[in-house]
Amino acid sequence: LSQKYPFVFQDRYFPTIPASYVVCDNSGGAKQATRALIKCCREEIAIFYFPLFNNAISDRYNGFCTEFTDAGYTLESKNQCLIDDSDLFYSDNGVRFNLIFETILAHLKRYPSIRGFFATNAEIAQVLNIVLHHCDLWHKIANDEYKVVSFDNPFLQGFDYIKQDTSRMAAEAVRLLYKQIDGDFSPQ
């Protein structure tokens, strides 16, 4: 006996699981952010990201890498800052904040030429803002010497961001759920 239950993945998908899902164009958004950063900072840009445990972050990371190399630059260590939070899933927020803060700070100290920052989510952008203030670099954003782009709105002055159309995504998820309720479980 096989029962089917209506469900739609929101902002995630699993390539090996045939199921309906609704996602934004994470790769396209990352490419757009990378183009904006390259325009003002050339190759002195970096992506700040968590481990590639889900397709949203993987697609953003791959979009950054593709756009960066398509622009004729070689991806180096300075252009990538992995914030490895994989051991912190059950930690308190203070421990998580410290890890993100210290990782970003270490990257900026190691690569002081970085002037463009792509935060793959608003949480990283918010901590990056604190690091830039800590290093007394905030004025460089205000003077357009540095540029920050975040995926999703970090609600910070001077930070540009890629906005997902969450209302449209939610409406599409509901539409797909109704199709399943009506008996059409074909993955879309």
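Residues numbered from 1 in each chain as written. Predicted model: local features only at pLDDT ≥ 70, side-chain atom pairs only at ≥ 80, totals over all residues. Heavy atoms only, no water.

Quick notes on the packing of helix α1 (residues 26-41) against helix α2 (residues 55-70)
Going by this rule: Between N-to-C directions, angles span 0 to 180 degrees; the directions come from axes that are lines fitted to C-alpha atoms, helices contributing only their stretch in contact. A run of H or I in DSSP counts as a helix once it spans at least four residues, and a run of E counts as a strand once it spans at least two, with each numbered from the N terminus. Any angle that falls under 35 degrees is termed roughly parallel, while one over 145 is termed roughly antiparallel, one within 65 to 115 roughly perpendicular, and all others oblique. Whether a crossing is left-handed or right-handed is set by the direction in which the near helix is turned from the far one by less than a right angle, anticlockwise for left-handed and clockwise for right-handed. The contact definition used throughout considers only heavy atoms, calling two residues in contact when any of these lie within 4.5 Å. Three categories are distinguished: nonpolar for Ala, Val, Leu, Ile, Met, Phe, Trp, Tyr, Cys and Pro, charged for Asp, Glu, Lys and Arg, and polar for the others, with Gly belonging to the last.
Two elements in contact, α1 and α2, have axes whose closest approach is 7 Å; the angle formed by their N-to-C orientations is 40 degrees. Relative to α2, the element α1 is oriented oblique. The interaxial crossing formed by α1 with α2 has right-handed handedness. Between α1 and α2, the residues in contact are N26, S27, A30, K31, T34, R35 and I38 and A56, D59, R60, G63, F64, T66, E67 and F68, respectively. Class assignment of the residues belonging to the contact of α1 with α2 gives a composition of 5 nonpolar, 5 polar and 5 charged.

Some thoughts on the environment of V174
Quick note on the threshold: Type-normalised accessible area, obtained with a 1.4 Å probe on protein chains alone, sets the label of each residue: buried when under 20%, exposed when over 50%, and partly exposed for intermediate values.
Locating V174 in the fold gives a position in helix α6 (residues 166-181). Its relative accessible area of 41% is what places V174 among the partly exposed residues.

Overview of a nonpolar patch on the surface
Quick note on the threshold: Each patch is built from residues that are more than 30% exposed by relative accessible area and take part in no salt bridge. Like charges join if they lie within 9 Å; nonpolar side chains (Val, Leu, Ile, Met, Phe, Trp, Tyr) join within 5 Å. All accessible areas in this document rest on Shrake-Rupley with a 1.4 Å probe, and a residue is counted as covered only by the protein chains that are shown. A pair is scored as a salt bridge if a Lys or Arg side-chain nitrogen falls within 4 Å of a carboxyl oxygen belonging to Asp or Glu.
Taken together, the side chains of F53, F89 and Y90 present a nonpolar region at the surface, about 480 Å² in accessible area. For Y90, the position within the fold is in the loop between β4 (80-82) and α3 (93-110).

Regarding the sheet that holds β4
Here is the rule we go by: Two strands qualify as a pair provided DSSP detects at least 2 bridges between them.
Ordered by their spatial adjacency, 5 strands build an open sheet running β4-β3-β5-β6-β7, and the pairing between neighbours is parallel. Each edge of the open sheet is held by one strand with a lone partner, namely β4 and β7 (159-162). Adjacent strand axes in the sheet meet at a mean angle of 20 degrees, parallel and antiparallel pairs treated alike. In terms of strand pairing, strand β3 (residues 45-49) meets β4 through 3 bridges, oriented parallel. Opposite I47, over in β4, you have Q80 as the bridge partner. Here α1 sits on the sheet in contact with β3, β5 (116-119), β6 (147-151) and β7, set at roughly 175 degrees to β6.

On their own, these measurements won't tell you what the molecule is for.
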